[in-house]
Amino acid sequence: MKRVIVGLSGGVDSSVAALLLKKKGYEVIGLFMHNWENSIFETQCSLWKDSIDAMLVSQKLNIPFQVVEMKKEYKESVINYMFNEYKSGKTPNPDILCNKEIKFNVFLKKAIDLGADFIATGHYVNKKTMIKNNQFIYRIFIGKDSNKDQSYFLCRLTQYQLKKSLFPLGTLTKNQVRKIAERNKLCNAHKKDSQGLCFVGKIHLVKFLQKEILPKRGEIINIDSNALIYHKKNKSFLSKEEELFFLSQKKGYKKSDGRLIGYHKGAQYFTIGQRKGISLGGYQKALFVIETDINQNIVYTGMGKSHPGLYRKSLFIQEKDIHWIREDLAIFDGEKMNVFCRIRYRQPLQNAKLYKIKNGMLIEFETMQCAITEGQFAVWYIEKELIGSGIIS
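Within each chain, residues carry numbers counting from 1 in the order of the written sequence. Since the coordinates come from a predicted model, pLDDT governs what is reported: local features require at least 70, and pairs of side-chain atoms require 80 or more to be given and counted, while whole-chain, interface and lining totals use all residues. Water and hydrogen atoms were dropped before computing side-chain values, which therefore reflect all heavy atoms in the structure.

**Side note on the overall build of the protein chain**
Numbering goes from the N terminus for both helices and strands, where a helix is a DSSP run of H or I of at least four residues and a strand is a run of E of at least two. Of the regular secondary structure elements, the protein chain holds eight helices and 17 strands. Its C-alpha atoms give the protein chain principal-axis dimensions of roughly 70 × 55 × 35 Å. Remark: exposure states derive from per-residue accessible area (1.4 Å probe, protein chains only) relative to the maximum for the residue type, with buried under 20%, exposed over 50%, and partly exposed in between. In the protein chain, which comprises 393 residues, the share counted as buried stands at 51%. Long-range pairs, those at least 24 residues apart, make up 70% of the contacts in the protein chain between residues at least 6 apart in sequence. Only the protein chains shown count as cover for residues, with accessible areas throughout obtained via the Shrake-Rupley method and a probe of 1.4 Å. On the protein chain, roughly 19700 Å² of surface is accessible, and the fraction owed to carbon and sulfur atoms is 50%. Lys and Arg are tallied as positive, Asp and Glu as negative. Neither His nor the chain termini are counted. By convention, charge coordinates are those of NZ in Lys, CZ in Arg, CG in Asp, or CD in Glu. If you average the places of the 63 positive and of the 38 negative side-chain charges in the protein chain, the two averages end up 4 Å apart. Contact between two residues is taken to exist if any of their heavy atoms lie within 4.5 Å; hydrogens are not considered.

**Quick notes on the sheet that holds strand β8 (residues 218-222)**
Read across the open sheet, the four strands follow the order β9-β8-β11-β10; overall the sheet is mixed. Each edge of the open sheet carries a strand with a single partner, namely β9 (259-264) and β10 (287-293). The mean angle between the axes of side-by-side strands here comes to 30 degrees, regardless of whether they run parallel or antiparallel. Criterion used throughout: strands pair if DSSP finds at least two bridges between them. Taken together, the six bridges between β10 and strand β11 (residues 298-303) define a ladder with antiparallel strand orientation. What sits directly across from F288, in β11, is G302. To get an axis, fit a line to the C-alpha atoms, keeping to the stretch in contact for a helix; angles then go from 0 to 180 degrees between the N-to-C directions.

**Things to note about a positive patch on the surface**
In this analysis, a patch consists of residues with relative accessible area above 30% that form no salt bridge, clustered at 9 Å for like charges and at 5 Å for the nonpolar side chains Val, Leu, Ile, Met, Phe, Trp and Tyr. We count a salt bridge whenever a side-chain nitrogen from Lys or Arg sits within 4 Å of a carboxyl oxygen from Asp or Glu. A cluster of like positive charges, contributed by R275, K276, K305 and R344, occupies part of the molecular surface. Note that K276 resides in the loop between β9 and β10.

**Thoughts on the sheet that holds strand β2 (residues 27-34)**
With parallel pairing, five strands are arranged side by side in an open sheet as β3-β2-β1-β4-β7. The two strands at the open ends of the sheet, each matched to only one other strand, are β3 (65-69) and β7 (165-166). In terms of strand pairing, strand β1 (residues 3-7) meets strand β4 (residues 118-120) through three bridges, oriented parallel. Note that in β4 the partner of V6 across the bridge is A120. Sitting on the sheet, helix α1 (residues 12-23) touches β1, β2, β4 and β7, and the angle it makes with β1 is about 165 degrees.

**Concerning α1**
In an α-helix, one full turn covers 3.6 residues, which means residues spaced three or four apart are oriented alike. With 12 residues, α1 should reach 16 Å at 1.5 Å per residue; the first-to-last C-alpha distance of 16 Å fits that figure. Counting buried positions along α1 yields nine of 12 residues, so the element is predominantly enclosed. Taken together, the buried positions of α1 are occupied by V12, D13, S14, S15, V16, A17, A18, L19 and L21. Two residues or fewer after α1 comes G25, characterised by a positive phi angle close to 105 degrees. To estimate how far a helix should reach, multiply one less than its number of residues by 1.5 Å.

**Regarding the environment of I391**
Along the chain, I391 falls in strand β17 (residues 385-392). For I391 and G30, which are 361 residues apart along the polypeptide, the C-alpha to C-alpha distance reads 33 Å. Residue contacts for I391: discarding those within four places in its chain leaves R156, F316, I317, D321, G375, Q376 and F377.

**Let's talk about unusual backbone geometry**
Positive phi, close to 55 degrees, is recorded for N297, a residue that is not glycine. Its location among the elements puts N297 in the loop between β10 and β11. The buried category is assigned to N297, whose relative accessible area is 5%.

**Quick look at the side chain of D321**
Counting through the fold element by element, D321 comes out in strand β12 (residues 311-324). Here D321 falls in the buried class, since its relative accessible area comes to 11%. Looking at D321, its side chain comes within polar contact range of the side chain of K320, at 3.3 Å. Whenever a nitrogen or oxygen atom comes within 3.5 Å of another N or O atom, the pair is scored as a polar contact, on the condition that within protein one atom can donate a hydrogen and the other can accept it, and that pairs from neighbouring residues in sequence are kept only if both atoms are in side chains.

See the structure below:
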């Protein structure tokens, strides 16, 4: 029997993953990752309940259960990363870093130390294996349940991490998973899905950030959709690369481009495309954040979802931030590739083209994209296979 250690979160997905693996004949061990502890944000109660649910499921399945402490690693790899990104005016994705650094790194190492052949999670993705040039290649595909597909969050995994991982729910829908849990009388069959920050839960983001980033009053400048900055003469370019690089850049607004409409408590608390939290009303259309200037502590807004400041057709990724899951498909300087791409979780796949250039990667979309955000991840696919990703610059 192969030994599999399942990261039991207390939720129905990881519980059914453990159940299915046991039924297949694996030796299954359940581990609950204790990654967070801070009573200020009232998440202790839910964490305690989650650990109890994980233990009850293990008892029901008659598998060994253990709580593993990883608070130090989680704070260093995820929480500190979050604060540093927001301080620099970027919008991080902690769930992706949590998977890369915690679940499929620290947790994987601990599992191997316990004699595991594999780890398993409740992610809705499909893993497949192929042989190419006499080498095994591990592939990750969009899960059957398109509403729950979580391939986006696994975009930084390596071939080794995929080799050592199992995803039993890839061929199931959420509804099927709940029915399996119900039939097997698991205590969490109808438990609500967890929301918010990985292992922390729902938090008030601004209050969370204020632990490290002190409030500082700044101006909110509204840019009219007919502002001169959107009516500059067409620029001529010497190459496609030069054009896409230009189109991928921020507008670089100045206060003189718009008008003062209010004040905020810190530009670092805002992200591109944000609608809630601006706290200004009485306008014909909703206000959206279209850019932030961290140095000047200014938040720029635009009125309405169709505001031109929200849209771009191109983005840039620095060389150091490119990651290929399928290293055998990587493109090199001067090469192009047609792909499907998404810039946020659950976004429908977008037609796009990758352009590999000397200092990174340019992505050109077929249609204009709303709220391309620095610090977030662009993820690309061939058909339904996830092959690579990059951090938006």
